[in-house]
Amino acid sequence: MENLTTRGRATRLAATALGLALLVVGTFWGSDDDFPFGPFRMYSTSTPPNAPAPDTRVEGVNSSGALIDLDQNATGIRRAEIEGQQARYAADPTLLTEVADAYAERHPDAPALVEVRIVIRWHGIRAGRPTGQHTDETVVRWQAPR
């Protein structure tokens with residue numbers, strides 16, 4: 001086994017110090033986007049036992065008035081991608097045209113979508129258990145120009 005040179009030892013120590021500094025800075029001032037150097041809040045927080053649980057979905061209305069579930073099978077877009085970009089969609093609902101286009105590409109013979117919306121179903125929770133009640137909240141809506 002060869003001994004590490006002074007230069008090699010210094011390089012490893014510098015890399016270790018940089019990694020530790022990034023972890024400390026990320027822990028106190030980072031966000032999920034900075035992972036692995038920032039906190040991954042999804043696993044480091046909990047919801048109060050009586051707070052409603054969100055279930056996000058994307059749905060559309062086609063030109064014949066039918067309600068279409070725009071899940072991954074219908075569009076190729078994962079729900080996590082929608083949830084992760086929800087603030088962008090809220091700021092600019094026209095971005096939901098991408099979802100409508102993805103649906104049209106997968107279903108060329110289907111009637112065109114005239115509306116796409118992001119809906120959160122809030123499931124009631126009491127003492128950490130589902131109550132069986134829920135409410136739906138449309139958080140973003142895009143309608144096709146007429």
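Keep in mind that this is a model prediction, so the values were computed, not measured.

Visitor: Any details on the environment of Glu59? Residues and values, ideally.
Guide: Note that Glu59 resides in strand E1 (residues 53–62). On the basis of relative accessible area, Glu59 is assigned to the buried category, the value being 9%. Separated by 58 residues in sequence, Glu59 and Arg117 have C-alpha atoms that sit 5.6 Å apart. The residues contacting Glu59, other than those within four sequence positions of it, are Leu67, Ile68, Leu70, Glu115, Val116, Arg117 and Val119. At a separation of 3.1 Å, a polar atom in the side chain of Glu59 contacts the side chain of Arg57. Here the side chain of Glu59 touches Arg117 through a polar contact of 2.7 Å, side chain to side chain.

Visitor: Any chance you could break down the pattern of salt bridges for me, citing the residues and the numbers?
Guide: Applying the stated criterion across every chain yields a total of 9 salt bridges. Two residues, Asp55 and Arg79, come together in a salt bridge whose shortest N-O distance is 2.6 Å. Placement of the pair is Asp55 in strand E1 and Arg79 in helix H4 (residues 79–84), with a sequence separation of 24 residues. Here Asp55 falls in the partly exposed class, since its relative accessible area comes to 29%. The exposure class assigned to Arg79 is partly exposed, which follows from its relative accessible area of 46%. A salt bridge links Arg57 to Asp136, with the nearest nitrogen and oxygen atoms 3.1 Å apart. In this pair, Arg57 is assigned in strand E1 and Asp136 in strand E4 (residues 129–143), connecting sequence segments 79 residues apart. Judged by relative accessible area, Arg57 falls into the partly exposed class, the value being 24%. A single salt-bridge network, built from bridges that share partners, covers Arg57, Glu59, Glu115, Arg117, Arg121, Asp136 and Arg141.

Visitor: An account of the pairing of E4 is requested, with residue identities and associated values reported.
Guide: Pairing between strand E3 (residues 113–126) and E4: 11 bridges, direction antiparallel. Looking at the pairing, Ile125 lines up with Pro130 of E4. In textbook terms, the turn of a hairpin is the stretch between consecutive antiparallel strands, and for E3 and E4 this stretch comprises 2 residues, one of which, Ala127, has a positive phi near 55 degrees.

Visitor: Please give an account of a nonpolar patch on the surface that cites residues and values.
Guide: Judged by side-chain polarity, Leu18, Leu20, Leu22, Leu23 and Phe37 come together as a nonpolar surface patch covering roughly 440 Å² of accessible area. Examined against the element boundaries, Leu20 turns out to sit in helix H1 (residues 6–29).

Visitor: Quick rundown of the environment of Trp29? Include the residues and the values.
Guide: Here Trp29 is to be found in helix H1. With relative accessibility at 68%, the residue Trp29 sits in the exposed group. For Trp29 and Val139, which are 110 residues apart along the polypeptide, the C-alpha to C-alpha distance reads 28 Å.

Visitor: Account for the sheet that holds E1, naming residues and giving values.
Guide: Judged by pairing direction, the sheet is antiparallel, and its 4 strands sit side by side in the order E2-E1-E3-E4 without closing on themselves. The outermost strands of the open sheet, each flanked by one partner alone, are strand E2 (67–69) and E4. Shown here is a sheet whose adjacent strand axes are inclined to one another by a mean of 35 degrees, direction ignored.

About the thresholds
- Counting of residues starts from 1 at the beginning of each chain's written sequence and follows it residue by residue.
- Two thresholds apply to this predicted model, a pLDDT of at least 70 for residue-level local features and 80 or more for giving and counting side-chain atom pairs, whereas whole-chain, interface and lining totals are computed over all residues.
- The side-chain numbers reported here are obtained from all heavy atoms of the structure, hydrogens and water having been left aside.
- The numbering of helices and of strands both runs from the N terminus, where a helix is a DSSP run of H or I of at least 4 residues and a strand a run of E of at least 2.
- Burial classes follow relative accessibility: with a 1.4 Å probe on protein chains only, a residue under 20% of its type's maximum area counts as buried, one over 50% as exposed, and anything between as partly exposed.
- Here, two residues are considered to be in contact whenever any of their heavy atoms come within 4.5 Å of each other.
- Polar contacts, as used here, are pairs of N or O atoms within 3.5 Å; protein pairs need one atom able to donate a hydrogen and one able to accept it. Residues neighboring in sequence count only if both atoms are side-chain atoms.
- Only one rule defines a salt bridge in this text: a Lys or Arg side-chain nitrogen within 4 Å of an Asp or Glu carboxyl oxygen.
- Any two strands with at least two DSSP bridges between them are considered paired.
- Distance thresholds for patches are 9 Å for like charges and 5 Å for nonpolar side chains (Val, Leu, Ile, Met, Phe, Trp, Tyr), applied to residues having over 30% relative accessible area and no salt bridge.
- Where accessible areas are quoted, they stem from the Shrake-Rupley method and a 1.4 Å probe; at the residue level, only the protein chains shown are allowed to cover.
- Fitted lines through C-alpha atoms serve as axes, helices being fitted only where they are in contact, and the angles separating the N-to-C directions of these axes extend from 0 to 180 degrees.

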